[in-house]
Amino acid sequence: MPVGYFGRMDDQPSSRPVAVRSAPVRAIGLQVNGDHFDIECDPRTTLLDALRDHLGLTGSKKGCDRGQCGACTVLVDDRRVVSCLMLAVSAQNRRITTIEGIDEVPSGATMQQAFVDHDGFQCGFCTPGQICSAVGMLDEAKHGWPSSATADVSEPHNGVLDDDEIRERLSGNICRCGAYVNILAAVRSVAGDVAAGEEKS
């Protein structure tokens, strides 16, 4: 066989499995849905795998495992996080909310009911991430955070969310069934209630 730039073809790496040295197991504590849990895991364990495999909280779904689909979205200190990209060790001493505990968060139970009322799901795989993301997004808007759909980002956002704002703010959550119209309707109904409540107060 001729020798080329990369050497002989029979010198190429094989597809045989390579032994990977595992890291030492580490004990960590997680605060999830108001409860404290102590687990032992590889320090490279993602928050998603810790929730699903160590705590049995399987509501957060593993879709792409690359932070692109949003199915694993949870709230960490009330901020939206794709849990497949966050290490469990970095979530220690932080307040984690999954779909199993979202009803304890302001607008959480209302958002879940809105998804039912507006039929905002089909297969339901992405629904936990959609709901957690929507709840986190409403909190961001309430605190005046702009999005790329906000007309004037130099001014604090007024908390009113039109359809373009909602679409943009939830664009990181993919629904493979295409239930976007009903998801939008569900989120819009809760966003309107939140805005109305703020005006009264």
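Let me sum up the structure you'll find in this document. (Residues numbered from 1 in each chain as written. Predicted model: local features only at pLDDT ≥ 70, side-chain atom pairs only at ≥ 80, totals over all residues. Heavy atoms only, no water.)

1. Brief notes about the overall build of the protein
- Per the secondary structure count, the protein includes five helices and five strands.
- Sequence-ordered secondary structure for the protein, helices as α and strands as β, is β-β-α-β-β-β-α-α-α-α.
- The buried share of the protein, reckoned over its 201 residues, is 41%.
- Sequence-distant contacts, at least 24 apart, represent 53% of the contacts inside the protein between residues at least 6 apart.
- As presented, the protein carries roughly 11,600 Å² of accessible surface, and 50% of it is formed by carbon and sulfur atoms. (Helix = DSSP H or I, 4+ residues; strand = E, 2+ residues; numbered from the N terminus. Buried < 20%, exposed > 50% of the residue type's maximum accessible area, 1.4 Å probe, protein only. Contact = heavy atoms within 4.5 Å. Areas by Shrake-Rupley, 256 points an atom, 1.4 Å probe, with all protein chains shown as cover.)

2. Comments concerning the sheet that holds strand S1 (residues 26–32)
- Read from one edge of the open sheet, five strands run S2-S1-S5-S3-S4, paired in mixed fashion. Taken across any chain shown, the strands that pair with only one partner, and hence form the sheet edges, are strand S2 (35–41) and strand S4 (79–82). Between one strand axis and the next, the sheet turns by 40° as a mean value, whatever way the strands run.
- The pairing of strand S3 (residues 73–76) with S4 spans four bridges and is classified as antiparallel. The residue of S4 that forms the bridge with Thr-73 is Val-82.
- Those strands touched by helix H1 (residues 47–54) are S1, S2, S3 and strand S5 (95–97), and its axis lies near 100° from that of S2.
- This element, helix H3 (residues 127–142), spans S3 and S4 of the sheet and lies at about 40° to S3. (Pairing = 2+ DSSP bridges. Axes fitted to C-alpha atoms, helices over the stretch in contact; angles between N-to-C directions.)

3. A closer look at the packing of helix H2 (residues 108–117) against H3
- Running from N to C, H2 and H3 point in directions that differ by 130°, and their axes come no closer than 10 Å. By the criterion of interaxial angle, the relationship of H2 to H3 is oblique. For the element pair H2 and H3, the recorded crossing hand is right-handed. Counted together, Gly-108, Met-111, Gln-112 and Phe-115 of H2 and Thr-127, Gln-130, Ile-131, Ala-134, Val-135 and Leu-138 of H3 form the full contact between these two elements.
- Looking at the contact of H2 with H3 residue by residue, the class counts come to six nonpolar, four polar and no charged. (Parallel < 35°, antiparallel > 145°, perpendicular 65-115°, else oblique. Left-handed = near helix turned anticlockwise from the far one by under 90°. Nonpolar A, V, L, I, M, F, W, Y, C, P; charged D, E, K, R; others polar.)

4. Comments concerning the side chain of Thr-45
- Note that Thr-45 resides in the loop between S2 and H1.
- Note on Thr-45: relative accessible area 14%, which makes it buried.
- Here the side chain of Thr-45 touches Asp-42 through a polar contact of 2.8 Å, landing on its backbone oxygen.
- Beyond its immediate chain neighbours, meaning those up to four positions away, Thr-45 contacts Ala-50, His-54, Leu-87 and Ala-88. (Polar contact = N/O pair within 3.5 Å; in protein donor to acceptor, adjacent residues only side chain to side chain.)

5. Focus on the pattern of salt bridges
- Enumeration over the complete set of coordinates arrives at nine salt bridges.
- A salt bridge links Arg-95 to Asp-78; its shortest N-O distance comes to 2.6 Å. Of this pair, Arg-95 sits in strand S5 while Asp-78 sits in the loop between S3 and S4, and the two are 17 residues apart along the sequence.
- Since its relative accessible area comes to 41%, Arg-95 is described here as partly exposed.
- Among the ionic pairs, Asp-164 bridges to Arg-167, the shortest N-O distance being 3.2 Å. Here the residue Asp-164 and the residue Arg-167 both occupy positions in helix H4 (residues 163–169), the gap between them amounting to three residues, near one helical turn.
- Looking at Arg-167, the relative accessible area reads 47%, which means it is partly exposed. (Salt bridge = Lys/Arg side-chain N within 4 Å of Asp/Glu carboxyl O.)

6. Examining the nonpolar core
- Ranked by size, the top nonpolar core spans 26 residues in total, and within it Ile-102, Met-111 and Val-187 carry the most contacts.
- A per-element tally of this core places H3 first, with seven residues.
- Residues within four places of Met-111 in sequence aside, it is in contact with Ile-131, Ala-134, Val-135, Leu-138, Val-187 and Val-190.
- Counting 18 residues, the second-largest nonpolar core is a separate cluster that includes Ile-39, Val-74, Val-81 and Val-89. (Core = buried A, V, L, I, M, F, W, Y, C linked by side-chain atoms within 4.5 Å.)

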